[in-house]
Amino acid sequence: MSITLADHGIQQALDQLGVKEINLGTSTGKQWFGTGALIESVSPVDNQLIGKVHETTKEDYEKVVKVASESFKVWRKMPAPQRGEIVRQYGELLRQYKEPLGKLVSYEMGKSLQEGYGEVQEMIDICDFAVGLSRQLHGLTMHSERPNHRMYEQYHPLGVVGIISAFNFPVAVWSWNTALAWVCGDVCIWKPSEKTPLTAVACQHLMTKVLEQNDLPEGISCLINGDYRVGEWMTNDTRVPLISATGSIRMGKIVAQAVAKRLGKSLLELGGNNAIIVTPDADIKMTVIGAVFGAVGTCGQRCTSTRRLIVHEEVYDKVKNALSEAYKQLSIGNPLDERNHVGPLIDKDAVNNYLNAIAQVKEHGGNMVVDGGVLEGEGYDSGCYVKPAIAEAENHWEIVQEETFAPVLYLLKYTGDVENAIAIQNGVKQGLSSAIMTTNLREAEKFLSHAGSDCGIANVNIGTSGAEIGGAFGGEKETGGGRESGSDAWKVYMRRQTNTINYGADLPLAQGIKFDL
Ligand code: UN1
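Residues numbered from 1 in each chain as written. Predicted model: local features only at pLDDT ≥ 70, side-chain atom pairs only at ≥ 80, totals over all residues. Heavy atoms only, no water.

Asker: Would you take a moment to explain the environment of T479 for this structure?
Answerer: You can see T479 is positioned in the loop between β22 (476-477) and β23 (484-485). Judged by relative accessible area, which is 0%, T479 ranks as buried. Expressed as a C-alpha distance, the spacing of T479 and T178, which sit 301 residues apart in the sequence, is 21 Å. Once residues lying within four places of it in the same chain are set aside, the contact partners of T479 are L268, E269, L270, G271, G272, Q430, G431 and L432. For T479, the side chain forms a polar contact with the main-chain nitrogen of G431, separated by 2.9 Å. A polar contact is formed between the side chain of T479 and the backbone nitrogen of L432, at a distance of 3.3 Å. (Helix = DSSP H or I, 4+ residues; strand = E, 2+ residues; numbered from the N terminus. Buried < 20%, exposed > 50% of the residue type's maximum accessible area, 1.4 Å probe, protein only. Contact = heavy atoms within 4.5 Å. Polar contact = N/O pair within 3.5 Å; in protein donor to acceptor, adjacent residues only side chain to side chain.)

Right under this line is the structure:
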């Protein structure tokens with residue numbers, strides 16, 4: 001028996017957010033337009049069509065870039081703290097709309113309601129962060145080698161920022177980029193995942209309210225919709241100096257090359273193959289909580305999801321048993337029901353990738369500690385609900401080396417010193433997030449040292465996922481090297497200028513060069 005959108009409370013959320021059955025997919029802020037083909041947004045929760053969005057055509061795209069480039073000239077003139085005020089208002093609106101937006105995130109993407117709300121909370125948090133930042137876009141001053149000279153640096157807005165986001169964090173990652181870019185004086189064009197276009201339409205409607213209330217020009221916040229072809233218009237466009245892209249390594253390599261070809265800047269946040277090292281001195285209770293949330297949260301579809309658990313032989317069986325017990329407690333089902341821990345995968349392709357990973361483990365003769373499978377029967381009609389699985393594996397297997405965006409956790413055994421575990425942890429192409437569970441200071445510090453984890457994120461006694469917005473987020477190696485959200489990640493959204501001012505009556509040259517006329 002199918003449940004209607006109204007039964008889920010989704011219809012009400014859509015109404016509150018101004019999302020319709022058929023939506024224009026292109027927006028420059030106040031104006032909405034679009035004549036392109038329709039993208040259908042189907043919920044992985046129960047296969048229901050939530051709504052449709054018109055794809056952006058090349059003509060629409062041209063219009064958007066023109067408007068964005070014009071509005072940049074106005075926006076960059078506004079003092080940064082005033083831009084911060086606009087972001088503050090957006091954050092306020094997100095507080096008001098947290099419930100419907102969180103719900104729509106949960107239903108369109110399939111993550112648990114708690115995580116849907118958590119994602120909107122990340123948006124609110126980054127807005128708050130950006131408001132403070134708007135008064136701190138500082139450069140350094142340096143002492144000049146020449147007398148009567150002053151040297152300093154300043155940061156200027158960059159221009160139009162193109163944001164390509166993924167389905168798994170359909171709204172938060174956009175906010176990490178826009179909230180910072182806006183206070184930095186940039187204007188943004190957002191291409192969300194074609195799997196989650198409605199949450200993007202909802203966010204743009206909210207921003208439209210803010211822009212209208214403040215009588216700001218069109219083009220500060222723009223939305224375009226479509227698949228990789230629409231993304232390509234942006235990556236190849238010299239009018240877009242920075243492309244920030246989140247997604248697969250495969251996608252990132254294409255984007256990076258296209259942007260580099262025109263010597264643009266890119267900020268890449270790509271795949272991870274995140275591991276937790278569990279040493280003999282680990283607190284097992286904490287380990288289980290961190291590992292289970294890391295592996296099954298968001299149904300294993302975070303770029304920070306825990307994929308590998310590298311466990312010392314002394315505690316291996318204990319950890320293995322504790323994990324299989326914990327997995328028995330997991331309830332899988334409709335993510336809008338707060339009793340469920342795990343919702344569906346995004347679509348059938350994701351289910352196939354998951355099944356393929358398990359099949360490959362079995363081909364290698366790997367033992368399934370907790371077997372997987374697709375769930376069937378009432379409540380599982382969409383065919384996207386899978387059982388989180390745990391497999392005993394080896395690090396060098398091709399499937400372990402890859403990121404499978406699904407809840408499959410590989411158990412890897414190590415012997416001897418923590419250095420051996422670190423070598424396994426680093427022995428993959430990706431370098432996003434990593435963690436160690438230990439109460440031993442020496443092990444923890446080794447893991448954090450120059451010879452330790454090679455990832456952008458390295459945690460002690462915390463899992464690999466669930467990073468706070470205050471730190472710079474991103475990773476090394478094939479994760480792409482970009483940093484988003486906290487710390488000084490804002491610098492990538494600006495151009496740096498070094499200024500030297502001579503307030504003397506002579507013109508001495510640097511490096512002691514004499515050039516007498
Ligand atoms: C992502 O999966 O692309 O650290 C982002 C985390 C979240 C963000 C994940 N704060 O798990």
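Asker: Where do I start with the site of the ligand in this structure?
Answerer: In the vicinity of the ligand, the residues found are E122, N168, F169, W176, E269, R302, C303, T304, S465, G466, A467 and F473. One of the backbone N or O atoms of G466 is found 2.8 Å from an oxygen atom in the ligand. Coverage of the ligand by the protein amounts to 99% of the 320 Å² it exposes when considered alone. Looking at the shell around the ligand residue by residue, the class counts come to 5 nonpolar, 4 polar and 3 charged. Residue assignment places the shell around the ligand across two domains, with domain 1 (5-270 + 480-496) and domain 2 (274-473) each supplying three or more. (Near = heavy atom within 4 Å. Areas by Shrake-Rupley, 256 points an atom, 1.4 Å probe, with all protein chains shown as cover. Nonpolar A, V, L, I, M, F, W, Y, C, P; charged D, E, K, R; others polar. Domains from an automatic or database assignment.)

Asker: Where do I start with the pattern of salt bridges in this structure?
Answerer: Two side chains of opposite charge can pair, provided their charged atoms sit close to one another. Under the counting rule described, the total for this entry stands at 24 salt bridges. Linking K52 and E40 is a salt bridge whose minimum nitrogen-to-oxygen distance equals 3.9 Å. Residue K52 is located in strand β5 (residues 49-54), and its partner E40 is located in strand β4 (residues 38-42); the two are separated by 12 residues in the primary sequence. Of the charged contacts in the structure, one is a salt bridge between E85 and R88, with a shortest N-O distance of 2.8 Å. (Salt bridge = Lys/Arg side-chain N within 4 Å of Asp/Glu carboxyl O.)

Asker: What should I look at first to understand the packing of aromatic side chains in this one?
Answerer: Each aromatic ring pair is described using two quantities: the centre-to-centre distance and the angle formed by the ring planes. Tallied over the full model, the rule gives 9 aromatic pairs. Aromatic pair Y90 and W174: ring centres 6.0 Å apart, planes at 90°, arrangement edge-to-face. Of this pair, Y90 sits in helix α4 (residues 80-96) while W174 sits in helix α7 (residues 172-183), and the two are 84 residues apart along the sequence. Residue classification places W174 among the buried residues on the basis of a relative accessible area of 1%. For the ring pair F167 and F405, a centre distance of 6.0 Å and an interplane angle of 80° mean the geometry is edge-to-face. Separated by 238 residues along the polypeptide, F167 in the loop between β8 (160-164) and α7 and F405 in the loop between α14 (398-401) and β17 (408-414) bring together distant segments of the chain. You can call F167 buried: its relative accessible area is 12%. (Phe/Tyr/Trp six-rings, centres within 6.5 Å; stacked < 30°, edge-to-face > 60°.)

Asker: I tried to follow helix α2 (residues 10-17) on my own but got confused; where do I start?
Answerer: Side chains of residues three or four places apart in an α-helix project in the same direction, reflecting 3.6 residues per turn. For α2, the set of buried residues is I10, A13, L14 and L17. Along the axis of α2, the buried positions cluster into a sector of 100°, meaning they face one direction only. Exposed side chains of α2 directed beyond 90 degrees from the buried face belong to Q12 and D15. Summarising the contacts, the buried residues of α2 are in contact with α1 (5-8), β5, α5 (98-109) and α8 (197-213). (Arc of directions from axis to C-beta.)

Asker: Sorry if this is basic, but what is going on with the packing of α4 against helix α6 (residues 113-133) here?
Answerer: The relative placement of two packed helices is expressed as an angle between their axes plus a distance between the axes. In the contact formed by α4 and α6, the axes pass within 8 Å of each other and the chain directions differ by 160°. On the basis of their axis angle, the class for α4 and α6 is roughly antiparallel. Regarding α4 and α6, the two cross each other, and that crossing is left-handed. Every residue of α6 that contacts α4 at G84, V87, R88, Y90, G91, L94 and R95 is listed here: V120, M123, I124, C127, D128, A130 and V131. (Axes fitted to C-alpha atoms, helices over the stretch in contact; angles between N-to-C directions. Parallel < 35°, antiparallel > 145°, perpendicular 65-115°, else oblique. Left-handed = near helix turned anticlockwise from the far one by under 90°.)

Asker: Explain the pairing of β4 to me, please; I cannot follow it from the model alone.
Answerer: The side chains of a regular strand alternate, residue by residue, between the two faces of the sheet. Judged by which residues are buried, β4 turns out to be one-sided: I39 and S41 face inward and are buried, whereas L38, E40 and V42, on the alternate face, are not. Strand direction decides the pairing type here: β4 and β5, joined by 5 bridges, are antiparallel. Looking at β5, one finds that I39 is bridged to V53. (Pairing = 2+ DSSP bridges.)

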